[in-house]
Number of protein chains: 2
Amino acid sequence: MFKKKDTFMPDWYHQEAPKDSYRSILKWGSQTEYKAPSKELYKLMKEVFEMTDDDFKVKQEMGLEPVEIDVPCKLSKEVLNKFADIVGEENVVTDGYNRLRVAYGKTMVDLMRLRKKIVENLPDAVLYPRDREDIIKIVAYCNEKKIPLYVYGRGSSVTRGTEPVCNGVTLDLSQHFNKVIDFDERNHTITVEAGMLGPALEEILNNAPTTLARFGAKGVYTCGHFPQSFEYSTVGGWVVTRGAGQQSTYYGKIEDIVFSQEYVTPVGIIQTDMFPRCATGPNVDQIMMGSEGAYGVLTHVTLKVFKYMPENRKRFGFLFKNWESAVEAAREVMQSECGYPSLFRFSDPGETSYGLHLYGIADTPIDKFFEMRGYKDGERVLLLGFSDGEEKFAKNVRSYVTKVCKKHGAMNITGYASKLWETGRFRDPYLREDMGDYGLMLDTLECSVNWSNFMDVYNGVLEYCNNREHTICFAHMSHLYEQGTNIYFIFEAKMNDLDEYLEYQRGIMDNIQKYGAAMSHHHGIGKMTAPWLEAQIGTEQLNIYKALKKHFDPNNIMNPGGTLALDLPDSEKRDFINK
Amino acid sequence: MFKKKDTFMPDWYHQEAPKDSYRSILKWGSQTEYKAPSKELYKLMKEVFEMTDDDFKVKQEMGLEPVEIDVPCKLSKEVLNKFADIVGEENVVTDGYNRLRVAYGKTMVDLMRLRKKIVENLPDAVLYPRDREDIIKIVAYCNEKKIPLYVYGRGSSVTRGTEPVCNGVTLDLSQHFNKVIDFDERNHTITVEAGMLGPALEEILNNAPTTLARFGAKGVYTCGHFPQSFEYSTVGGWVVTRGAGQQSTYYGKIEDIVFSQEYVTPVGIIQTDMFPRCATGPNVDQIMMGSEGAYGVLTHVTLKVFKYMPENRKRFGFLFKNWESAVEAAREVMQSECGYPSLFRFSDPGETSYGLHLYGIADTPIDKFFEMRGYKDGERVLLLGFSDGEEKFAKNVRSYVTKVCKKHGAMNITGYASKLWETGRFRDPYLREDMGDYGLMLDTLECSVNWSNFMDVYNGVLEYCNNREHTICFAHMSHLYEQGTNIYFIFEAKMNDLDEYLEYQRGIMDNIQKYGAAMSHHHGIGKMTAPWLEAQIGTEQLNIYKALKKHFDPNNIMNPGGTLALDLPDSEKRDFINK
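Cut-offs applied
- Residues numbered from 1 in each chain as written.
- Chains lettered and ligands numbered in written order.
- Predicted model: local features only at pLDDT ≥ 70, side-chain atom pairs only at ≥ 80, totals over all residues.
- Helix = DSSP H or I, 4+ residues; strand = E, 2+ residues; numbered from the N terminus.
- Rg over C-alpha atoms; globule rule 2.2 N^0.38 Å.
- Buried ≥ 20, exposed ≤ 12 C-beta atoms within 10 Å, placed from the backbone.
- Least-squares fit on C-alpha atoms with pLDDT ≥ 70 in both.
- Contact = placed C-beta atoms within 7 Å.
- Pairing = 2+ DSSP bridges.
- Core = buried A, V, L, I, M, F, W, Y, C linked by C-beta atoms within 7 Å.
- Domains from an automatic or database assignment.
- Nonpolar A, V, L, I, M, F, W, Y, C, P; charged D, E, K, R; others polar.
- Expected span 1.5 Å × (residues − 1).
- Arc of directions from axis to C-beta.
- Axes fitted to C-alpha atoms, helices over the stretch in contact; angles between N-to-C directions.
- Parallel < 35°, antiparallel > 145°, perpendicular 65-115°, else oblique.

**Some remarks on the overall build of chain A**
Then, number 1: For chain A, the helix and strand inventory stands at 22 helices and 18 strands.
Then, number 2: Relative to the compact-globule value of 25 Å for 579 residues, chain A shows a C-alpha radius of gyration of 24 Å, a close match.
Then, number 3: Expressed along its principal axes, the backbone C-alpha trace of chain A runs to roughly 75 × 60 × 55 Å.
Then, number 4: Across the 579 residues that make up chain A, the buried fraction comes to 57%.

**Structural notes on the relation of the copies chain A and chain B**
Two copies of a chain can be linked by a rotation about an axis combined with a shift along that same axis.
Then, number 1: The two copies are related by a screw operation: chain A maps onto chain B through 180 degrees of rotation and 0.0 Å of translation along the axis, at an RMSD of 0.0 Å. The operation mapping one copy onto its partner corresponds to a two-fold rotation axis. No C-alpha of chain A lies nearer the rotation axis than that of Gln286 of chain A, which sits 3.1 Å from it.
Then, number 2: Of the residues that chain A buries at the interface, 100% are likewise interface residues in chain B, meaning the two copies contact each other through the same surface.

**Regarding the interface of chain A and chain B**
Then, number 1: Opposite the 72 residues of chain A that make contact, chain B presents 72 residues.
Then, number 2: At the level of elements, strand 9 (268-271), helix 12 (284-288), strand 11 (306-307), helix 16 (391-407), strand 16 (440-450), helix 21 (530-537) and helix 22 (539-552) of chain A are the ones that each hand at least two residues to the side of chain A that touches chain B.

**Thoughts on the sheet that holds strand 2 (residues 125-127) of chain B**
Then, number 1: In spatial order, the strands read 1-2-4-3 (chain B); together these 4 strands make up an open sheet with mixed pairing. The two strands at the open ends of the sheet, each matched to only one other strand, are strand 1 (92-93) and strand 3 (149-152) of chain B.

**Remarks on the sheet that holds strand 15 (residues 411-412) of chain A**
Residues and elements named next belong to chain A.
Then, number 1: Taken together, the 7 strands give an open sheet; going across it, the order is 15-12-14-13-17-18-16, and neighbouring strands pair in antiparallel fashion. The two strands at the open ends of the sheet, each matched to only one other strand, are strand 15 and strand 16.
Then, number 2: Sheet topology note: the strand 12 (residues 314-320)/strand 14 (residues 381-387) ladder contains 7 bridges and is antiparallel. Note that in strand 14 the partner of Leu319 across the bridge is Leu382.

**Notes on the nonpolar core**
Then, number 1: Grouped together as the largest cluster of nonpolar side chains are 335 residues, with contacts concentrated most on Leu127, Val457 and Phe489 of chain A together with Leu127, Val457 and Phe489 of chain B.
Then, number 2: Not counting residues up to four positions away in its chain, the partners in contact with Leu127 of chain B are Phe83, Val87, Asn91, Val92, Ile138, Val169 and Leu171 of chain B.

**Digging into the pairing of strand 4 (residues 169-172) of chain A**
All names here are of chain A.
Then, number 1: The alternating pattern of strand 4 places Val169 and Leu171 on one face and Thr170 and Asp172 on the opposite face, and all of these are buried.
Then, number 2: In this sheet, strand 4 lies alongside strand 2 (residues 125-127) in parallel orientation, the contact comprising 3 bridges. Of the residues in strand 4, the one forming a bridge with Leu127 is Leu171.
Then, number 3: Pairing geometry for strand 3 (residues 149-152) and strand 4, over 4 bridges, is parallel. When the sheet's bridge partners are listed, Tyr152 is paired in strand 4 with Asp172.

**Focus on helix 14 (residues 349-358) of chain A**
Residues and elements named next belong to chain A.
Then, number 1: Counting buried positions along helix 14 yields 8 of 10 residues, so the element is predominantly enclosed.
Then, number 2: Along helix 14, the positions that sit buried rather than exposed are Pro349, Gly350, Glu351, Thr352, Ser353, Tyr354, Leu356 and His357.
Then, number 3: Along its buried surface, helix 14 packs onto helix 2 (39-48), helix 13 (323-334), strand 13 (343-347), helix 15 (365-372), strand 14 and strand 17 (471-477).
Then, number 4: Remark: Gly360 follows helix 14 within two positions and exhibits a positive phi of approximately 75 degrees.

**A closer look at the domain arrangement of chain A**
All names here are of chain A.
Then, number 1: Each domain of chain A was delimited in the assignment, giving domain 1 (77-172), domain 2 (180-307), domain 3 (310-425) and domain 4 (529-579).
Then, number 2: With 9 residues of domain 2 at the contact, the number on the domain 4 side is 13 residues.
Then, number 3: Looking at the side of domain 2 that touches domain 4 residue by residue, the class counts come to 5 nonpolar, 3 polar and 1 charged.

**Considerations on the pairing of strand 10 (residues 297-304) of chain B**
All names here are of chain B.
Then, number 1: Of all 8 residues that make up strand 10, 8 are buried, and the element is covered over most of its length.
Then, number 2: In this sheet, strand 10 lies alongside strand 6 (residues 189-193) in antiparallel orientation, the contact comprising 5 bridges. Looking across to strand 10, one finds that Val192 is bridged to Val301.
Then, number 3: Here strand 8 (residues 258-265) pairs with strand 10 via 6 bridges, running antiparallel. Paired with Val258 across the strands is Leu303, a residue of strand 10.

**What about the environment of Asp443 of chain B?**
Then, number 1: Assignment of secondary structure puts Asp443 of chain B in strand 16 (residues 440-450).
Then, number 2: When the C-alpha positions of Asp443 of chain B and Glu492 of chain B are compared, they lie 6.5 Å apart, and in sequence the two are 49 residues distant.

**Structural notes on helix 22 (residues 539-552) of chain B**
Then, number 1: Spanning 14 residues, helix 22 of chain B covers 20 Å between terminal C-alpha atoms, matching the ideal 20 Å at 1.5 Å per step.
Then, number 2: Within helix 22 of chain B, burial applies to Gln541, Ile544, Tyr545, Leu548, Lys549 and Phe552 of chain B. Viewed end-on, helix 22 of chain B has its buried residues packed into an arc of 140 degrees, placing them on one side of the element.
Then, number 3: Contacts from the buried residues of helix 22 of chain B go to strand 9, helix 12 and helix 22 of chain A together with strand 8, helix 12 (284-288) and helix 21 (530-537) of chain B.

**Topic: the packing of helix 16 of chain A against helix 16 (residues 391-407) of chain B**
Then, number 1: The N-to-C vectors of helix 16 of chain A and helix 16 of chain B enclose an angle of 175 degrees; their axes lie 10 Å apart at closest approach. Put simply, helix 16 of chain A runs roughly antiparallel to helix 16 of chain B. Where helix 16 of chain A approaches helix 16 of chain B, its residues Lys392, Phe393 and Asn396 of chain A are matched on the opposing element by Lys392, Phe393 and Asn396 of chain B.
Then, number 2: By residue class, the composition of the contact of helix 16 of chain A with helix 16 of chain B is 2 nonpolar, 2 polar and 2 charged.

This is how it looks when you write it as structure tokens:
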């Protein structure tokens, strides 16, 4: 299937994007890091997309041009002066580049628009608040003047979550608003400003006796939350979207890790309680989490912290004969009460095949050995995992998982592949620039199911995806529960037309909804998925969200323009529930 | 301290209460089960309360008289006919006994009022809905006619939660509304009507292959939720108050066990989602749980179920030298990531002393052995516990707990005492009738803290309690978390005056609040604790509750009269936050 003789490789653009260019905005992560498709992926793409080496000799729409935007700032001098009074003149920015920089996130629609220089929905100004006092004043003033207010963390949204559809101002929190406020070692909690980035938080916790010496820290800790966007997303972004880390099966989603929060809303400051559980009415933390900037600005977050014990990690890997047996094993482990694995990631047959090819396993003696034993390409399923926690707890989880996997016919392939995965865990998004340079897209959509409707959703969505030619589509489960799991769909296609992309993406979302999944397990809803929200949660529940919106933000200044379907016109609603 | 020569014992009233008497309402649980104070407790009471055998020769205010109430039903014939149309004539009840039966709960204020024949706050009628259709029609009609609507499960509330302060109608759900709606073995979930009692649910799950054969059940399960009121409380009551079972440290509070819910509200039916986690806006389950009947009537609850594996249970017991070392051990275990114990119950020195005396350990050779080893009466602390779950998981929890307890100087006293506790786990409330017959009260208040403010709350509240003469007061921790714990205060006193009782109780609540605890960990707020709610959660959060109330119940028909402080006059507010 994969010929070895090809030697041509495209001249991937692996240099720093020109300063102030569109590319510097669309590029994922570090400006000086890259990830080229491997030889194997390159071959696979040519085959599936029916392309030749010649197609990879000319790059297109690279976005190397400088951002030159002629969209006037609609805010008056008076308003801008007022903002300068609040945050300081140096923290009020109105140039085109910075306005575009904070306008988009990192979903394919964002990347395509940047490559095509489609500039829309800019904020009139970008503000860099220095502390919560600044934010309190900004919210009060915006509310008084009815100026739309958006919040930008580090722009990793894949739901158009932060896009300033109604203009106004965007607060860029990652500039200054990223400090530790408190650390309580007795309680195992840390309180940080919402703009803190993942690596900064983890670094601080891993080295607590030094970095948190002023709070008397003695032990070392971890935040337990490692989304793929870890390096370029903020604590605040994790919280308001209800994000999940790659080890959420053990550490929990962010809503399980959050201990307390403070929000500045147009009607006042909401400081939630500091108790692990209580019985004093509805849970306000759970009202504010998932509000995606539409109820108020998240300022301080108190997170649970966990002991940092990397020495206890037990890695494992298994190969199943087919998807059905893997799903049964997954469910059995999750319902066994043996403790939860930390990483627990089941690649479907498509992703397994893709992965083994990309890692150069295909057509090797190992591969032949797998095939001989009945673990056939296109059917077999790869499980990567590890367990964390106290030493014997972690050991027991691995040994119980091993027992269940064997019972379901899986072969133990040791923890080697998990270790490999671990080293590259945050790297995949870097692929998108090299692919995009040749009109290829790589995108993902994810959803949440219970075990009863898992197969319906999985089969139904994949069937739709694979109906398109020149498309690679596969999936994995990576956040598991007693009652169900997420499903994460990944699709790569030869596709460079925005409308075509949108139609395909909407079709996937229609099918996620049609087969009964939740529209998101951890990316949130934003403005992209909002048209599907009401059909999923029901009109009565959307009315609850709207009642809360009216309470917190009577002037609709907070992230307006479709977020969470709060102010979405009926004409944009989609409804594919057919049960 | 305890003399052995006394032989007199009071003539406890251990016979069925007369039919339709006040006593038949105030009595806990089964009409034919009793629990007399032991010889040791009797002696202790005489000593602390400075009473003699003579004081126990005449009973007072036993409530043996028949309930004869002359409080007219204020509902018109037309309204009653309409209710009869909905639920059937036999399910509309207006006699005094049944109206009083559902009016009160089981807090000391309720028991005292019944003994003293203080009849207030009766519903005008009691309805026994047969199914959710009945409830939908009742809610719609009450909303149309602005008739106050209360919901009664089995009356175990200790917060005046169900008291029909504004009259109207009370729905008694436990009569007919107690069936299994669905069981999904793949998802590990069961859906039941809200009026189902604890033992019925547990019995069904323990015997699923028989009792749930129509759903194809193969395995056996447990609900994991065992509050002390287990035998006389309903699933619906657990959920709307955010209750906790005695094994919540492992299984979670009810809000962790609930998977989905349906509520009938004046503005429509709220069916929450069926996903283990999702990122589609605020969590509606967490809005409705804790709403205590003020937003709508809970109809169907879908609960997670757990494997029933009693054979895996590992019991343990330890004696610590003092409270400080026990608290440190508790915190260390909870933060260790070794898995959670299932029962994990730390009696403070007062409760330990009380317990060891009551179990006849005091002054025995065992006791002398404890004392000799430095585990002194009045200082020592008893830990009872067990672990559940998969076999090796449960073993590891016990062995890790053992390690930590030893590190903190505790002595292993085996699992014998835990086993003893287990057999009597639901029996203590039966003590109250025998004590009440002699003007003695036994009551509890509980709260929630984080580890940082634990000692302040514990010491501050006990100091207040012990300031009163003729009072026994002690506490335990029984629901533990990485970040904190509950504290459960128990007080016994020679006290028979309602005003004196209320003043003392309010003083305790003032002190719970003053030292920074949440006003409830699992009893809820109801009408009793409502005056303290705003000072705890803050005006901004109470305003969120009120905004939701206005949305769900614009005519304020749902559990009106102070519940959750939603319609509490400012004059009743208490504020003891002094930080």
